[in-house]
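Structure at a glance
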Amino acid sequence: MAPSSIAILGGGLTGLSAAFHLSRRFPAAQITLLNKDIHFGGWVHSKRAKITLKDGRETSVLLEAGPRTLRPNSKSVLELINLLDLSPSLLTVPKSSPASRNRFLRLPGTQGLLRIPSSPLSLLTSGLSPKSSSLHSPLGYILLSAIAREPFRPWNRPLMIEDESVDEFLTRRFGSEFARIFGSALVHGIYAADSRELSVRAAFPSLWDAEERGRGSLIAGFLLPSGVSATAEVDDPPYQLGDVDEQMRGVSVYSFSQGIGALVDALLRELRTRRNVRLLGGVSATGLRMNPRTAQFEITTSSCETLRATHAVSAVPLPSLKGLLSPKTPLPHLTANPYSSVTVVNLVFLASPGHALHPVGFGYLVPRASSGHAENAILGCVFDSSSMSAQEAPRSAGIVKMTAMLREPVASIPRLVEMLSEQLGVRLPEPLIVRVHDNVHCIPLLRVGHLQRMRELSDVLQGEPWSGKLEVIGAGVGGVSVGDCVEAGRRAGRSWA
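Residues numbered from 1 in each chain as written. Predicted model: local features only at pLDDT ≥ 70, side-chain atom pairs only at ≥ 80, totals over all residues. Heavy atoms only, no water.

As named in an unreviewed UniProt entry, the protein chain is Protoporphyrinogen oxidase, taken from Suillus placidus. Quoted verbatim from the Pathway (unreviewed entry) heading of the UniProt record, the comment on the protein chain is "Porphyrin-containing compound metabolism; protoporphyrin-IX biosynthesis; protoporphyrin-IX from protoporphyrinogen-IX: step 1/1." For the protein chain, the Function (unreviewed entry) comment in UniProt is given as "Catalyzes the 6-electron oxidation of protoporphyrinogen-IX to form protoporphyrin-IX." (UniProt positions renumbered as here; feature names shortened; annotations may be inferred.)

This is the structure in C-alpha cells:
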C-alpha cells in the first residue's frame, strides 16, 4: 500500500533528495522533514566573503567548508541539475585543462610537490629511472613498475575472503609502497581516514569487481567490459537528464557560480513550493517507535510534538539513529563504523605580481608517512584559484584562494601557514582571510565487512516491527560522495509503491 504520510529524519543532501523524489512519487502523501539545524544541507556550506583591497576596491571570494567540486559520473545529481534548472549557473573544468591534469602529492620528508603522471606518455617518460630529475619522479617510477608487474602477479586473494582493507588489497596487487603512497593519499582525500581500516568493497567496489573479471589481474579486469553495475536495479526509472549529460562531455569536475550550496538552495526552493512537503528546521527527532496497534511510526521531537507517519526514512548518522530507538526494537550494526573529523581551513592571500603561490593544478594530497611525521596532520590542500577561478568576482586579480584539510583542529594559524609554505616550497604571505571549520564526525569510515553488515540491517528492517516501512539511508550506509547521497535519496521508498 502506498504511504499516506512519510517522516524524513535529516535535512542533509540525502534527506532533501529523498523529500524531493518521494514528493514526486507519492503526491498524495504528506511528507515532513525534520532537521536538527536551521541550516539545511548537512556538511555543504558555501558562503561569500568580502575583501577590501589596499587601494580601497572591494571584491569577494566564495568559500566552501564542505564539498567544492563534483565529478560528472553521478546521473542522479545531473538529473537534479536538469529538473531544478541549474544549468545556467554551471561552471565546468575540462579534462584538458591544467587544473585537471596537474594533481600533486607531497611525500613527507621530501622537498616540494611531486606531480602525478596524468597520461601514459608522462608515465613512461617519468618512470624510466627512479633517480630521474623529472618533476614526476619518483612517483612515475613507482607507478610504472607497479602497473607493469601487476598483470603477471598470480591470483593471490586469500580463500574464502569476502572483503579486505584498501591497503591490503592494493598491497596484494601492486606492492606495499604503491599502497602506502597512492592508496593512503586517495583515502585521505575522500574519507580523511586510514586506508588500513577502510573496506575496499564498500569504498571502491570497482577495484574488487575488476579483479574478479581479470581472474586476479586488476589491469586485465579494467580492460574488459564491466557489464551491468551491481548497484543498478531493473525497475530503476530512467534519469531525466535533458541536455545536461551533453554539457558534461569532456568535463573533469564541475560546480556552480555560487558553490555546491546552490544545489541545496535549489532543492529547498522547490520543496517549499510543494503543498505535500513540510520542512522543519531547528527541530530534531528525540525518539522513534512503531506503534503495533496503529501500525504507524510515532516520532517525538525537540519541539515537544509527536509526529505520526505510515512510513519513515532515516537519513541521520547511524549512531544518531540508535539513540532514537527503544532498546526493545534495536537495529544491528549502527555503531560498527567510527566517523572521521576534518578541519577545513579556507585561506585567501594577495599575491605579488609575477609571484605564484602554488603551481597551476587542482591541489595536492599527503600520503601516510612510512614513520611518524608532523606533516601527517595535513591531509591535503586544494588550489581553489586554479580549479574554480570562475567563481570569483571580476576584481579578484591577484587574489589566491586555497583550502587546507587537516585531521585535527588548528592549534595555530601562523604555524599552519608555515607548514603549507614548507610543503609548497613557497613563502606564503600573511593571509587576508582565514576561515576555520571544525567538521566533527563528518565522514563515516566504512570498515571491512560493511556490505555484509548492511545486508543484515536490511534484512532486519524487512521483518517485524518495521515491515519494510522504515528505510535507513545515507553516507553511513552507502557511499559518502554527494552523488551517493543524492542517489540514495532518489531510491528511497522504491518498494513502497
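1. A closer look at the overall build of the protein chain
Looking only at helices and strands, one finds 17 helices and 19 strands in the protein chain. Whereas a compact globule of 497 residues would reach a radius of gyration of roughly 23 Å, the protein chain reaches 24 Å, a difference of no more than 12%. Viewed in the frame of its principal axes, the protein chain has a C-alpha envelope of about 75 × 65 × 45 Å. Scored against the burial criterion, the 497 residues of the protein chain give a buried share of 53%. A separation of at least 24 residues holds for 71% of the contacts in the protein chain among residues at least 6 apart in sequence. As displayed, the protein chain has an accessible area near 22,900 Å², and 55% of this comes from carbon and sulfur atoms. With 52 positive and 42 negative side-chain charges, the protein chain shows a spacing of 2 Å between the two charge centroids. (Helix = DSSP H or I, 4+ residues; strand = E, 2+ residues; numbered from the N terminus. Rg over C-alpha atoms; globule rule 2.2 N^0.38 Å. Buried < 20%, exposed > 50% of the residue type's maximum accessible area, 1.4 Å probe, protein only. Contact = heavy atoms within 4.5 Å. Areas by Shrake-Rupley, 256 points an atom, 1.4 Å probe, with all protein chains shown as cover. Lys, Arg positive; Asp, Glu negative; His and termini not counted. Charge placed at Lys NZ, Arg CZ, Asp CG, Glu CD.)

2. Observations regarding the state of the cysteines
Every disulfide links exactly two cysteines, by a covalent bond between their sulfur atoms. Overall, the coordinates contain zero disulfides when judged by the stated rule. Unpaired in this structure, C381 has its nearest cysteine sulfur neighbour in C442, at a distance of 17 Å. (Disulfide = S-S within 2.5 Å.)

3. Some details on helix α9 (residues 205–213)
All of the buried residues along α9 are L207, W208, A210 and E211. Seen from one end, α9 has its buried residues packed into an arc of 160 degrees, which puts them on one side. Those residues of α9 that are buried lie in contact with α6 (166–174), α8 (200–203) and α10 (218–223). Positive phi appears at R215, one or two residues downstream of α9, with a value of about 50 degrees. (Arc of directions from axis to C-beta.)

4. Digging into the sheet that holds strand β12 (residues 306–309)
Read from one edge to the other, the open sheet built from three strands follows the order β10-β11-β12, with strand pairing classed as antiparallel. Because the sheet does not close on itself, it has two edges, and the strands there are β10 (285–291) and β12. Within this sheet the neighbouring strands show an average axis-to-axis angle of 20 degrees, counted without direction. In this sheet, β12 lies alongside strand β11 (residues 296–301) in antiparallel orientation, the contact comprising four bridges. Pairing of I299 across the sheet is with L307, part of β12. (Pairing = 2+ DSSP bridges. Axes fitted to C-alpha atoms, helices over the stretch in contact; angles between N-to-C directions.)

5. With respect to the packing of aromatic side chains
According to the stated counting rule, one finds eight aromatic pairs in the structure shown. A ring pair is formed by F104 and F383, whose centres lie 6.5 Å apart and whose planes are at 50 degrees; its orientation type is tilted. One end of the pair, F104, is in strand β6 (residues 103–105); the other, F383, is in the loop between β16 (378–382) and α14 (384–387), with 279 residues separating them in the sequence. In this structure, F104 and F383 share a single accessibility class: buried. Taking the centre distance of 6.4 Å and the plane angle of 80 degrees together, the rings of Y191 and F204 count as edge-to-face. Of this pair, Y191 sits in helix α7 (residues 176–191) while F204 sits in the loop between α8 and α9; the two residues are 13 residues apart in sequence, bridging distant segments of the chain. The pair formed by Y191 and F204 is uniform in burial state, with each residue classed as buried. Taken together, the ring pairs in this structure connect F104, Y364 and F383 into an aromatic cluster. Over the ring of W208 we find R157; its NZ or CZ atom is 3.7 Å from the centre of that ring. (Phe/Tyr/Trp six-rings, centres within 6.5 Å; stacked < 30°, edge-to-face > 60°. Lys NZ or Arg CZ within 6 Å of the ring centre and 35° of its normal.)

6. So, the pattern of salt bridges
A complete count under the given rule lists 20 salt bridges for this structure. Between D167 and R368 there is a salt bridge, and its shortest N-O distance comes to 3.4 Å. Pair noted here: D167 is in helix α6 and R368 is in the loop between β15 (363–365) and β16, with a separation of 201 residues, a long-range link. One salt bridge connects R249 with E246, and the closest N-O pair in it is separated by 2.9 Å. (Salt bridge = Lys/Arg side-chain N within 4 Å of Asp/Glu carboxyl O.)

7. Considering the sheet that holds β16
Paired through backbone hydrogen bonds, the strands of a sheet run either parallel or antiparallel to each other. What the seven strands build is an open sheet, ordered β7-β6-β15-β16-β17-β14-β18; its pairing is mixed. Bordering the open sheet on either side are β7 (114–115) and β18 (433–444), each of which pairs with just one other strand.

8. Considerations on the nonpolar core
Judged by nonpolar contacts, the single largest core of 46 residues is most densely connected at I8, L22, I81, Y254 and L263. Only β1 (5–9), α1 (13–25), β2 (30–35), α2 (75–83), β8 (251–256), α12 (261–271), β9 (277–281) and α17 (482–491) provide two or more residues apiece to this core. Among the elements that line this core, the one with the most residues is α12, at seven residues. Ignoring any residue separated from it by four or fewer positions in sequence, one finds I81 in contact with L86, S87, L90, V244, M248, Y254 and F256. In this structure, I181, A185, Y191 and A193 belong to the second largest nonpolar core, which totals 45 residues. (Core = buried A, V, L, I, M, F, W, Y, C linked by side-chain atoms within 4.5 Å.)

9. Remarks on the packing of helix α5 (residues 139–149) against α7
The interhelical angle for the contact between α5 and α7, taken along N-to-C directions, is 125 degrees, at an axis separation of 10 Å. With respect to α7, the element α5 is oriented oblique. Of the two possible hands of crossing, α5 and α7 adopt the one that is left-handed. Here L139, I142, L143 and A146 of α5 lie close against α7, whose contacting residues are E177, F178, I181 and F182. The residue inventory of the contact of α5 with α7, partitioned by class, reads seven nonpolar, no polar and one charged. (Parallel < 35°, antiparallel > 145°, perpendicular 65-115°, else oblique. Left-handed = near helix turned anticlockwise from the far one by under 90°. Nonpolar A, V, L, I, M, F, W, Y, C, P; charged D, E, K, R; others polar.)

10. Details of the pairing of strand β17 (residues 399–406)
With eight of eight residues buried, β17 lies mostly within the body of the structure. Neither face of β17 is exposed, since I399, K401, T403 and M405 on one face and V400, M402, A404 and L406 on the opposite face are all buried.

11. Notes on the environment of L420
Looking at the secondary structure, you find L420 in helix α15 (residues 413–424). A residue is classified by how much of its surface remains accessible, and L420, at 0% relative accessible area, is buried. Along the sequence, L420 and I190 sit 230 residues apart, while their C-alpha atoms lie 20 Å from each other. When residues no more than four places from it in sequence are discounted, the contact partners of L420 are L347, Y364, I378, C381, A404 and L428.

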